[in-house]
Amino acid sequence: MAIGNFFSKRSDKRGTEANALGRDVIGKADPRRLVLLDDFEAADLGWFWATDSQARLIYLSDNAAAQFGHDAEQIIGRQLSELFILDRNEDEQEGRVQRPLPFLLRARNSISDLEVRIANGERYDDREVWWSISGKPQFDDEGNFFGYRGSAKDITAVRESQRETGRLAQYDSLTGLANRHRMTKRLTSILTAYKAAKRSCALMMLDLDRFKQVNDTLGHPAGDELLKQVAQRLQRIIGGTGEIGRLGGDEFQVILPDIEDRGRLGDLAARVIQMVSQPYSIDGARAIIGTSVGVAVAPFDGIETEELVSAADLALYAAKGGGRGQYRFYSSELKDGAKLRRQIEEDLRDALSQDQLELHYQPLIDARSHEVKSFECLVRWNHPERGWVSPGDFIPIAEEANLISALGEWVLKQACKEAASWPVDLGVAVNVSAVQFGNADLPLVVKNALQASGLAPYRLELELTESVFIGDPATTKDMFQSLKRLGIKLALDDFGTGYSSLGYLKTAPFDKIKIDQSFVRGATEPDNNNAAIITAIVSLANALGMTTVAEGVEAVDELELVTGLGAKLIQGWIFSKAMPQAEVLERLDSGQLKYEAHGPAKHRADRISMFRRIGVIHEDHRYEAVMRNLSKTGARIEGILDVPLGTDLVLDLGGGQLAVCKVRRSEGPEQGVEFEVPLISDGADGLCTRHRISPYMLAAAGMPLAALPPGHYQMPHSDRSKSPPRFLQIDLTSDKARKER
Ligand code: C2E
Ligand code: MG
Ligand code: MG
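Nothing here was measured: the structure is a model prediction, and the numbers come from that model.

Which residues make up the sheet that holds strand 12 (residues 290-298), and what values do they have?
One open sheet accounts for five strands, arranged 8-9-7-12-13; its pairing is mixed. Unpaired on one side and paired on the other, strand 8 (243-248) and strand 13 (327-329) mark the two borders of the sheet. Neighbour-to-neighbour, the strand axes of this sheet turn through a mean angle of 20 degrees, independent of strand direction. When strand 12 meets strand 13, the two strands line up parallel, connected through three bridges. Its bridge partner lying in strand 13, Val 293 is registered against Tyr 327. Against the sheet, helix 8 (residues 180-197) makes contact with strand 7 (201-209), strand 8, strand 9 (251-257) and strand 12, and its axis sits at roughly 25 degrees relative to strand 9, the strand it touches most. Across the sheet, helix 11 (residues 262-276) touches strand 7, strand 9, strand 12 and strand 13, and the angle it forms with strand 12 is around 160 degrees.

An account of the nonpolar core is needed here, citing residue identities and associated values.
Val 446, Leu 460, Leu 462, Leu 483 and Phe 510 are the most contacted members of the largest nonpolar core, which totals 80 residues. Ranked by residue count, the leading element in this core is helix 15 (residues 404-419), at seven residues. Each residue touching Leu 462, except ones within four places of it in the same chain, is listed here: Leu 412, Val 430, Val 432, Val 446, Leu 483, Ile 488, Lys 489, Leu 490 and Ala 491.

Would you mind going over the site of ligand 1 in detail, with residue names and values included?
Around ligand 1, the structure places 23 residues, and the nearest of them are Arg 380, Asn 431, Asp 493, Glu 554 and Trp 573. The contact in question runs from an oxygen atom of ligand 1 to an N or O atom on the side chain of Asn 431, over 2.9 Å. Here a nitrogen atom of ligand 1 sits 3.1 Å away from a polar atom, N or O, in the side chain of Gln 517. Across the complex, the protein chains shield 83% of the 790 Å² of accessible surface that ligand 1 would expose by itself. When contributions to the shell around ligand 1 are tallied by element, the ones reaching two or more residues are strand 15 (372-383), helix 14 (391-400) and strand 19 (489-495). For the shell around ligand 1, the element with the most residues is strand 15, which contributes four residues. Among the residues making up the shell around ligand 1, the classes are represented as seven nonpolar, eight polar and eight charged.

Give me the environment of Gly 325: which residues, what numbers.
Turning to its location among the elements, Gly 325 is positioned in the loop between helix 12 (305-321) and strand 13. For Gly 325, a relative accessible area of 34% corresponds to the partly exposed category. Each C-alpha atom of the pair Gly 325 and Leu 208 lies 8.9 Å from the other, and the pair is 117 residues apart in sequence. With residues near it in sequence (within four places) discarded, Gly 325 still touches Asp 209, Ile 273, Thr 291 and Ser 292.

Break down the pairing of strand 8 for me, citing the residues and quoting the values.
Burial within strand 8 is extensive, with five of its six residues counted as buried. As defined by bridge partners, strand 8 adjoins strand 9 across five bridges and the pair is classed as antiparallel. Its bridge partner being in strand 9, Arg 246 is matched across the sheet by Phe 252. Hairpin connection from strand 8 to strand 9: two residues lie between these consecutive antiparallel strands, with Gly 249 at a positive phi of about 50 degrees.

Break down the coordination of the magnesium ion (ligand 3) for me, with residues and values.
Here the magnesium ion (ligand 3) is held by the protein donor atoms Asp 493 (OD), Asp 494 (OD), Glu 551 (OE) and Glu 551 (OE), which lie 2.0 to 2.7 Å from it. Between consecutive donors of the magnesium ion (ligand 3), the numbers of intervening residues give the motif D-D-x56-E. Taken as an interatomic distance, the gap from the magnesium ion (ligand 3) to the magnesium ion (ligand 2) is 4.0 Å; Asp 493 donates to each of them. Residue Asp 493 is classed as buried on the basis of its relative accessible area, which comes to 6%.

Requested: an account of the sheet that holds strand 4 (residues 111-118), with residues and values cited.
Strand order in the open sheet made by the six strands is 2-1-6-5-4-3, with antiparallel pairing throughout. Every other strand in the sheet has two partners, leaving strand 2 (57-60) and strand 3 (84-85) as the edge strands with one partner each. The sheet contact formed by strand 1 (residues 47-51) and strand 2 spans three bridges and is antiparallel. Opposite Thr 51, over in strand 2, you have Leu 57 as the bridge partner.

Describe the coordination of the magnesium ion (ligand 2), with residues and values.
Within the protein, Glu 376 (OE), Asn 431 (OD1), Glu 463 (OE) and Asp 493 (OD) serve as the donor atoms for the magnesium ion (ligand 2), at 2.0 to 2.2 Å. Counting along the primary sequence, the residues that act as donors to the magnesium ion (ligand 2) give the motif E-x54-N-x31-E-x29-D.

Provide a residue-level description of the pattern of salt bridges, including the pertinent values.
A side chain with one charge can pair with a side chain of the opposite charge if their charged atoms come near. Taken as a whole and judged by the stated rule, the model has 33 salt bridges. The salt bridge partner of Lys 195 is Glu 304, with a shortest N-O separation of 2.8 Å. Of this pair, Lys 195 sits in helix 8 while Glu 304 sits in the loop between strand 12 and helix 12, and the two are 109 residues apart along the sequence. Classification of Lys 195 as partly exposed rests on a relative accessible area of 29%. Here Asp 301 and Arg 692 are joined by a salt bridge, their closest N and O atoms 2.7 Å apart. Placement of Asp 301 in the loop between strand 12 and helix 12 and of Arg 692 in the loop between strand 32 (687-688) and helix 24 (695-700) is noted, with a sequence separation of 391 residues between them. Each of Arg 117, Glu 128 and Arg 163 takes part in one network of salt bridges that share partners.

Account for helix 23 (residues 581-589), with residues named and values stated.
Note that an α-helix has 3.6 residues per turn; residues three or four places apart therefore point the same way. Taken together, the buried positions of helix 23 are occupied by Gln 581, Val 584 and Leu 588. Buried residues of helix 23, viewed axially, fall in a sector of 60 degrees; they line one side. What points out from helix 23, more than 90 degrees from its buried face, is the exposed set Ala 582, Glu 586 and Asp 589. Next to the buried residues of helix 23 lie strand 14 (357-366), strand 15, helix 15 and strand 23 (579-580). Among the residues trailing helix 23, Gly 591 stands out with phi positive, at a value near 75 degrees.

Now, about the packing of aromatic side chains: what can you tell me, with residues and values included?
In the structure shown here, the tally under the stated rule is 16 aromatic pairs. Consider the rings of Trp 49 and Tyr 148, whose centres lie 6.2 Å apart with planes at 35 degrees: the pair is tilted. Of the two residues, Trp 49 sits in strand 1 while Tyr 148 sits in strand 6 (residues 145-154), which places them 99 residues apart along the sequence. On the basis of relative accessibility, which here comes to 3%, the residue Trp 49 falls in the buried class. Using a relative accessible area of 1% as the deciding quantity, one classes Tyr 148 as buried. Each member of the aromatic cluster is reached from another via a ring pair, and the members are Trp 47, Phe 68, Phe 84 and Trp 131. The lysine or arginine in question, Arg 159, covers the ring of Trp 130, its NZ or CZ lying 3.3 Å from the ring centre. Sitting above the plane of the Trp 573 ring, Lys 577 keeps its charged end 4.2 Å from the centroid.

Now, about the pairing of strand 18 (residues 460-464): what can you tell me, with residues and values included?
Most of strand 18 is tucked away: five of the five residues are buried. Of the two faces of strand 18, the one carrying Leu 460, Leu 462 and Leu 464 and the one carrying Glu 461 and Glu 463 are both buried. Relative to strand 18, strand 17 (residues 427-431) runs parallel, the two sharing four bridges. Its bridge partner being in strand 18, Val 430 is matched across the sheet by Leu 462.

So, how was this worked out
Residues numbered from 1 in each chain as written. Chains lettered and ligands numbered in written order. Predicted model: local features only at pLDDT ≥ 70, side-chain atom pairs only at ≥ 80, totals over all residues. Heavy atoms only, no water. Pairing = 2+ DSSP bridges. Helix = DSSP H or I, 4+ residues; strand = E, 2+ residues; numbered from the N terminus. Axes fitted to C-alpha atoms, helices over the stretch in contact; angles between N-to-C directions. Contact = heavy atoms within 4.5 Å. Core = buried A, V, L, I, M, F, W, Y, C linked by side-chain atoms within 4.5 Å. Buried < 20%, exposed > 50% of the residue type's maximum accessible area, 1.4 Å probe, protein only. Near = heavy atom within 4 Å. Polar contact = N/O pair within 3.5 Å; in protein donor to acceptor, adjacent residues only side chain to side chain. Areas by Shrake-Rupley, 256 points an atom, 1.4 Å probe, with all protein chains shown as cover. Nonpolar A, V, L, I, M, F, W, Y, C, P; charged D, E, K, R; others polar. Donors = N, O, S within 2.8 Å, 3.2 Å for Na, K, Ca; no water. Salt bridge = Lys/Arg side-chain N within 4 Å of Asp/Glu carboxyl O. Arc of directions from axis to C-beta. Phe/Tyr/Trp six-rings, centres within 6.5 Å; stacked < 30°, edge-to-face > 60°. Lys NZ or Arg CZ within 6 Å of the ring centre and 35° of its normal.

Here's what the structure looks like:
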């Protein structure tokens, strides 16, 4: 339909007008005016449409009709609003609010730049076409409505680019994951909705371990590729259970709505760590990284976005401090932990210059003859106020604070110097952190330490962990060769805990493999395959001409087992703890090279010895008690007198953690209790309950809803009639109580 046919009807009154200056102008009635409009339509600069009083289409530009896959004639007569899809959701999501077309037509309102999606049917069903339409209702001289006259234009390209800009503002262009902005928005809207619905939501923070090394050694494009692969792995694990975002750099975040079970969260975190730590192949090169994970759960650890994020951050920080490759749940003690860490970092700088560090030596004993073959040097820090600080606590801080090279150099020099005074057939093993291994100066540092002390190179052994394989394999290989050229030995420490791959063993020139304590521990318990793993490691080491050490042997049954499985050397408290040089020299001077096994017959299930104040709830009374040790299945408590066997108690472990238990052993003020539901690991050495009492329940029982203080909670239903306490509580700090015990 040409526009002339239709619009001419209402514009034919005045005919051709000559301009006053006699120029050739197109007047309203000039037929050329219609040609002009036809050209305008044909050039797709804009289209025209018209309806009758029933909102049926009576005109549509040809090119506009073509977008429906039809000729204009086929469309004429249809209801205007049928030509468009009503997709309010999309508009609402993108923040556009407009009255829908049928409403405007019914109300005979003007239509102004209304964005509509055309119903272009099967023909182009994979392509969305959007128009912007405008139109005005028409009334005749008597004021009768006779339809709309309007225009339309295609705005598909504009909308697509708007949408792309919107997407860019919300998503990380490298990985396609949500960006920080979107994650914060999502978390805030989830937390707001969940607060009202009293639902829970977990937040997981991830930080890649040693990503920087990959970036530095393999280059930034490789780093980018690695981040993409990490994102894919995360998507595979998390799937539809949560939303994943990349906050920037090597930081990721996962929002997990409706999960508060810390058993489930721990399993998920462990899977994330395991999957992210598998080797990556990037343009033919191999790269290995790890990750640490911090977890916080609303409403227990925080109710507002900021609170929850900072709780998850603190948990992540603690996980990293705990040696990386770990997950950690938030607990209120972590706040103090972060402060302590900063303090330790400061003090460590002084310690290095003020001789507060000392080396202790733990013997490695021949499994058959029980004679000492060498000593492992373990650094000790005698802090002026805190006393002995464990290297497990300060080595990770030293690594992060760039102090490890100075510390490592001091240890190497000192160890070589002290070992030089031992008999010549005794070696010394020195731990070298992956950060030191990544420093090209290491061979020189070792060479200097050997020269200064006069220690023969074959007597020095460096203990490396699997994390040295992170980064560029070629650089790693060069470092191995430079070290071996010095004539020293190399041991692979803590084997099986990190980024384990038997592949390393074939290519790296190790003289010794140290089987991590975690395999020795529990190897004698039924239903675990640690013994099979130890056997496999030993036979592989034998085949490759390497010797094996079983670490952390404490009990007689463990010693028998690992010896039977073929471990050549034993290191563990069953023979000796680490001792100062003076004690080593004393033993050596008196010729005591043989060690005797002293230890419990069996290793007991992990118990954590402690002195921790807890609450004990019985019926509607609450007692104060001290927890002496804690395992997954039970605890030993002290402070209440004469509780009968079989009594049901609830232990209040703080932070909303209530554990229902039964008294299985009872002697005076001491009870052994068994938990109804076993505790779970908190990712580090600690234990926690799977579920917690929600602050909403506490609020219902009259407690404030704000973030939970670390302390004690009554059972939510404790406002029932008070019955007198059944048991006598004793004050463990009083002299009388101490004497009685
Ligand atoms: P590691 O190299 O695996 O050292 C063995 C750790 O296990 C030592 O802990 C040792 O005291 C402990 N251990 C030995 N036998 C037993 C046992 O029978 N039962 C139990 N439960 N534990 C046992 P320590 O001294 O606390 O050192 C912890 C870690 O700190 C070391 O693990 C090592 O990775 C690191 N470290 C220690 N000294 C240095 C050092 O000079 N430089 C570096 N870079 N790291 C060090
Ligand atoms: Mg070691
Ligand atoms: Mg070890």
